[in-house]
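Summary of structural features
Spelled out, the chains give:
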Amino acid sequence: MNNALRKLGQLALVLFLVTLFTALLVSLLPGDPAEVIIPFGDESDREALREELNLDDPLPVRYVAWLGDFVTGDMGNYYRQSITEPVADRVTQAAPVSLLLMLYAQVLALVIAIPLGVITAQRAGSFFDKFTNTTAFGILAIPNFVLALVLSYVVGVELGWLPPQGYVRFSNDIGEHFRSMILPSISLAAGQVAVYMRLLRTDMVATLQEDFILMAKAKGLSNKRVLWRHALRPSSLTLLTVAGLNVGTLVGGALIIEIIFTLPGMGVLIFQAISERQYVAIQSLVALIAVGYVLVNVFVDMLYAALDPRIRSARG
Amino acid sequence: MTSRNSTRRWIRLLALLLGLSMFAAACGDDDDGGEGATPDDGAETETEDGVDSTPEDAEGDPVMGGELTYALEAETNGGFCLPEAQLAIAGMQVATTVYDTLTKPDADGEIQPYLAESVEPNEDFTQWTITVPEGVTFHDGSPLDAQVVANNLDAYRGAYEGRNPALFVFVFQNIESVEVVDPMTVQVNMVTPWTAFDWFLWSSNRVGILAQAQLDDTETCGTNIIGTGPFQLENWTVNEEFVATKFADYWLTDEDGNQLPYLDSITYVPIPEIASRGNALESGQVDVLHTSDTEQIAQRLQGLADSDEIKLLATDAYGEVNYLMLNQSQAPFDNKNARLALAHALDRQLLIDVRGGGIGQVADGPFAEDVTGYVEDPGYPQYDVELARQFAQAYEDETGQPLEFSYTFVSTESGQLTAQEIQTQLADAGITINLDPAGDQATTINNALAGDFQAVGWRNHPGADPDTQYNWWATGSPVNFGRIDDPELQRLLDEGRQAPPGEEREGIYQDLTRRFAEEVHNVWTSTTVWAIAAEPNVQNLLGYGPQGGSGAFPGLGTGHDVTGIWISE
Amino acid sequence: MPEVEPTSVKIDPAAGEGPDAALRHDDPDGTVTLSKTKRLGPIGWLAIIWLGLVALMAFVPQLFPVPGLTERFPDALRDRDFGPTAGHPLGFDTSGRDLLSKLVYGTRASMIVSVLAVTFGLIVGGTFGLIAGYFRGKIDTVITNAFNVGLAIPQLVLAITLAAVFASDANAGYGQRVLVVTFAIGFASIPILGRITRANTLTWANREFVMAAKTVGARTPRIIIREVLPNVAPAMFSIALLGIAIAIVVEGGLALIGVGIPADITSPSWGNLIATGRSQMLLGEAAQVMTASLMVFFTVLSLNYLGDVVRARFDVRDSAL
């Protein structure tokens, strides 16, 4: 219980600092932020902006005001000539795209990596094991954007098997939706496959030498059953944690993949905010990603503890 | 009839770009008669012939229905509250889909009434009278009348409560007042005579007429799109798609009395990278794309067109000019030697060959070949490294500083490559240039507005009447980004604005072109080529043009009409 | 890319193995038992040779018999034939410049950015990591939480954000932009480098010889530098190798997004060679993207491999995280 409270406190602290950092990004801008954010327009617009962002207030006041807005879904605005548009409007459109992409990539990576990891662990030292391992090591050195560019060109354009870019919403056409997500998901998943596979393999090699496995074998359980039911289970917890932590990798990767495949997700939003110099939007988008990432990890942590109570005591 | 003439002209313009083989293919079939708004209008047929080896395919009766997907080079993030919007070509393309302008140019580059029934000046061009037809309705069912037109014009010129236009205030500052004379007639009074005001009512499709409800919408004017255009907004997901469906009560019919538009819907998808846009077309994800990336046109689209996989329409007619816009309010380009050095140092043909796939022509002035004021040889400084070195040295002697400047550009892949090429060329003349990627188009424009640049890669001045460029160069105008302050230039601009059409006016603008060359206010590089590439079954891409005119306007740099597009089986 | 992100590195015991890891067994607590005798092997030597070559290209590109960067070959341009010819083994880019020389000269910017970035991250993160791991207690809590905050923002997102914010000055020069990119990547790598250092410091700080030094009254900075640091150094070194690999890829990512090193013709980087070669690739001129990608690939591969070797050799405990 005490432990849970402490964790909660840590979470609050991390969230506080992360949001503080991002909330103050705009203040890091060289020069007068109002000038940078609204290069056009007149002084009254800038005055309104200073008011809105509380630029003239002391730091704590500004932060609290920002936080109040942020948690109620007000992420500031895009500031354009005569037009301001809430950032939140865009986020509600974009976030699902990115989340789906990451979900598909994650599922794809696990679906491929788990069998490979189990088989290579069981046959550690075999040719298949070495081959898979070496391949995985090589894949780790291929930047995902290179893979994306090549897949888009070769599979999408030259072969014409799948859409080389573009996005179809789930609600519009399910089949097309999945087709449009295959190449991006593969580009994003490839590296993850290598990581998960190698991780699972090492973990299971160790597990397979543990007493309870030997016991199970001694009891006459089939090799297959031991491998998939008994040995995989503890290793899957490690895998789960890594998968959770890897969300950060996925977010960064998804950002570039989205741009290459023109998927209208958070990556494209950030990209556009950067090229339009929409600093308020950049700040909110980064804060959102950071908060989401922290919460995912907390969730994974909780899941981890729930799945294996031993871990909690062992780690506590 | 003018159509034979216009057809020839059209062919010639196309041939400039598409090469002789297509020219030949197009020549066989220039005798189609007909008024402006006919499906088999000459201009259009030739267009299709230009790239399609079987001209018959392009003929036949239009097919009603169908959905078209059109890939644009950019999203219009600022929305479509036209008086306040900053529309680049992608925005103009969407605007012409949902809005109509009071006037529109035809195949000969003559401006004609379009949504208006008539647009007439008085004798000395100090007063213009606009009459709108009865029975036209906006997408929301409200009628088009003189009052809403007057309100629109007031909104554009910054005299309408609740609307705050930025650029159009200056464009229309020569308007003294706008009056409703009767329910269908608006009278516009000018400060000084304004010969080409009817051109401004088109303004490259930027001056569409908005419904009263949209004009009065203070919160969502940019997305609450209500026009009289052939299509009405169905759904707009920014960065994803802009879906517009057929407006059943549209005011135009084709020659056979068929209700226009033919298509059921048109969907615009923004795909900023041309490479991805090409992919989308090639893989059939989109039906049409537009691009000004001549390298892609030459190296990719042309090949697809040659093998009949797509049809391609490319032209620099009435197009923009590419140039390096110089900031003359600060060093180094407040010094003429620096400007001359730069102009002499650029091998523009090489630039076109390397970066433009050899498509497009060297430009020595701001105006396209068919525009009043074009001069074949205005005396613009030509490529000469030796001279460039001398002027650079002269600059250094005068100022004590070596010639060095930063070059701002839109940081797309193509923008970067062009910047690199310019950098390479200038290095030969000993001029140092620092690359300053500015972000997207809008940001680059903002930088220019703020005067926050030394030299910037620019593209502007499309259209067919030179007076429409007035504000870009007028002394003190906020959109005179280069801060040109040249009394002689100003005199020519003012005289040209007031001069009645004719030789004298032509002479004034030719002098203007020469003045530009002499002073090197801008470093012109090449004509901008715009291309539309489409699936072979997409017909009548440019539509019919204004009712009383000679056919569809061939310029592609300002967006094109979509009313007449149809899809054959 | 998994290695873009610190997370996959830090808790990934598997990353501790080379491709031939099957030769050894890991005992249940994660320490390596059989690999202490692990030698570099032929692949390791290949990696070192490659990295040596990369270092030469970065520091003395003049050594390589390639044309200058602004030198143009009109023949290729005229015929639009950019394939290899005599003296130009990789052919040309579509502006008629020698591709190999772009790759060679492009090494410098890529390596400078990534090495400097990681050095910066290592100095800052390493210092705090040592302090946290050595003193523990409240200091540790504060520093670790700070690291956690940093880790809460995906590294690439953080780097992009910083690059965007600090490059907002419209007239920033080339040098300034390189600095911004370097700082952005370096700053973003502080937390992970710091955490790894801390974890390894923890395992060494209570060893007998450290205790002994304390007992004889050595001053704390001296203990940290003389006793702890040398033992933590291999871990820092191995993670630095991986970090450089990550930084190279991040630089490419930044270039694709348009906030990377400016694509100045006189100082390209691998990242912006990839970024500016995309449309050419679709036109069938894939050489620039492919060769620049291969440079990245081999360099990252070599760094990853050597990083693994170092870890296996020095028994780096990253499971302590």
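Just so it is clear, the model here is predicted, and its values are computed rather than measured.

Below, the discussion takes up unusual backbone geometry. Residues and elements named next belong to chain B. Cis geometry is found at the peptide bond from leucine 260 to proline 261, where omega equals -5°. With respect to the helices, strands and loops of the structure, proline 261 is situated in the loop between β9 (241-246) and β10 (265-270). Put simply, alanine 331 and proline 332 share a cis peptide bond, and its omega is 0°. One can find proline 332 in the loop between β13 (321-326) and α11 (336-345). The backbone of serine 204 sits at a positive phi, close to 55°, despite the residue not being glycine. For serine 204, the position within the fold is in the loop between α7 (197-200) and α8 (212-215). In this structure, histidine 461 takes a positive phi of about 70° despite not being glycine. For histidine 461, the location among the structural elements is in the loop between β16 (455-460) and α16 (470-473). Among the residues examined, histidine 461 registers a relative accessible area of 2% and is labelled buried.

Below, the discussion takes up the pattern of salt bridges. All names here are of chain B. As enumerated under the stated definition, the model contains 27 salt bridges over all chains in all. In this structure, the salt-bridge partner of arginine 459 is glutamate 320, at a minimum N-O distance of 3.3 Å. Of this pair, arginine 459 sits in strand β16 while glutamate 320 sits in the loop between β12 (311-315) and β13, and the two are 139 residues apart along the sequence. Here arginine 515 ties to glutamate 519 by a salt bridge, and the two come within 3.8 Å at their closest N and O atoms.

Once that is clear, we can look at the interface of chain A and chain B. It is common to report an interface's size as the accessible area lost on association of the parts. Each partner contributes to the interface: chain A provides 27 residues, whereas chain B provides 26 residues. Across the interface of chain A and chain B, roughly 2,100 Å² is buried in total on both sides, 49% from carbon and sulfur atoms. Our enumeration of links across chain A and chain B arrives at one salt bridge.

With that out of the way, let us pick up the nonpolar core. Within the largest apolar cluster, 178 residues are counted, with the highest numbers of intra-cluster contacts made by Ile37(A) and Ile160(C). Looking at which element gives the most residues to this core, the answer is helix α9 (residues 220-257) of chain C, with 20 residues. Ignoring anything within four residues of it in the chain, the contact list for Ile37(A) reads Val26(A), Leu29(A), Leu49(A), Leu53(A), Tyr79(A), Tyr279(A) and Val280(A).

Bringing the packing of aromatic side chains into the picture now. Evaluated as defined, the whole model comprises 44 aromatic pairs over all chains. Measuring from centroid to centroid gives 5.3 Å for Tyr70(B) and Tyr268(B), while their planes differ by 50°, and the two rings are tilted. Separated by 198 residues along the polypeptide, Tyr70(B) in strand β1 (residues 67-72) and Tyr268(B) in strand β10 bring together distant segments of the chain. Each of the two residues, Tyr70(B) as well as Tyr268(B), counts as buried. A ring pair is formed by Phe183(C) and Phe187(C), whose centres lie 5.5 Å apart and whose planes are at 40°; its orientation type is tilted. Placement of both Phe183(C) and Phe187(C) in helix α7 (residues 174-205) is noted, with a separation of four residues, approximately one turn of the helix.

This part takes up a nonpolar patch on the surface. A cluster of nonpolar residues, Leu53(C), Leu56(C), Phe59(C), Val60(C) and Leu63(C), forms a patch on the protein surface that exposes about 470 Å² of accessible area. Residue placement: Leu53(C) occurs in helix α2 (residues 41-59).

All names here are of chain B. Across the sheet, which stays open at both edges, the four strands sit in the order β4-β5-β7-β6 with antiparallel pairing between neighbours. For this open sheet the edge positions go to β4 (118-121) and β6 (175-182), each flanked by a neighbour on one side alone. If you compare each strand with its neighbour and ignore which way they point, the axes differ by 20° on average. Here strand β5 (residues 127-131) runs beside strand β7 (residues 185-190); their pairing, made up of five bridges, is antiparallel. Each residue of the ladder has a partner; that of tryptophan 128, found in β7, is valine 188.

Now for the packing of helix α7 (residues 127-139) of chain A against helix α9 (residues 174-207) of chain A. Residue and element names in this part refer to chain A. Look at α7 against α9: their axes get within 9 Å of each other, and the N-to-C directions meet at 135°. Classified by the interaxial angle, the pair formed by α7 and α9 is oblique. Between α7 and α9 lies a crossing of left-handed hand. Contacts between α7 and α9 pair Asp129, Thr132, Asn133, Ala136, Phe137 and Ile139 from the former with Ala190, Gly191, Ala194, Met197, Arg198 and Arg201 from the latter. Per-class residue counts for the contact of α7 with α9 are six nonpolar, three polar and three charged.

Criteria and thresholds
- Residues numbered from 1 in each chain as written.
- Chains lettered and ligands numbered in written order.
- Predicted model: local features only at pLDDT ≥ 70, side-chain atom pairs only at ≥ 80, totals over all residues.
- Heavy atoms only, no water.
- Helix = DSSP H or I, 4+ residues; strand = E, 2+ residues; numbered from the N terminus.
- Buried < 20%, exposed > 50% of the residue type's maximum accessible area, 1.4 Å probe, protein only.
- Salt bridge = Lys/Arg side-chain N within 4 Å of Asp/Glu carboxyl O.
- Contact = heavy atoms within 4.5 Å.
- Buried area = accessible area lost by both parts, 1.4 Å probe.
- Core = buried A, V, L, I, M, F, W, Y, C linked by side-chain atoms within 4.5 Å.
- Phe/Tyr/Trp six-rings, centres within 6.5 Å; stacked < 30°, edge-to-face > 60°.
- Patch = residues over 30% accessible without salt bridge, like charges linked within 9 Å, V, L, I, M, F, W, Y side chains within 5 Å.
- Areas by Shrake-Rupley, 256 points an atom, 1.4 Å probe, with all protein chains shown as cover.
- Pairing = 2+ DSSP bridges.
- Axes fitted to C-alpha atoms, helices over the stretch in contact; angles between N-to-C directions.
- Parallel < 35°, antiparallel > 145°, perpendicular 65-115°, else oblique.
- Left-handed = near helix turned anticlockwise from the far one by under 90°.
- Nonpolar A, V, L, I, M, F, W, Y, C, P; charged D, E, K, R; others polar.

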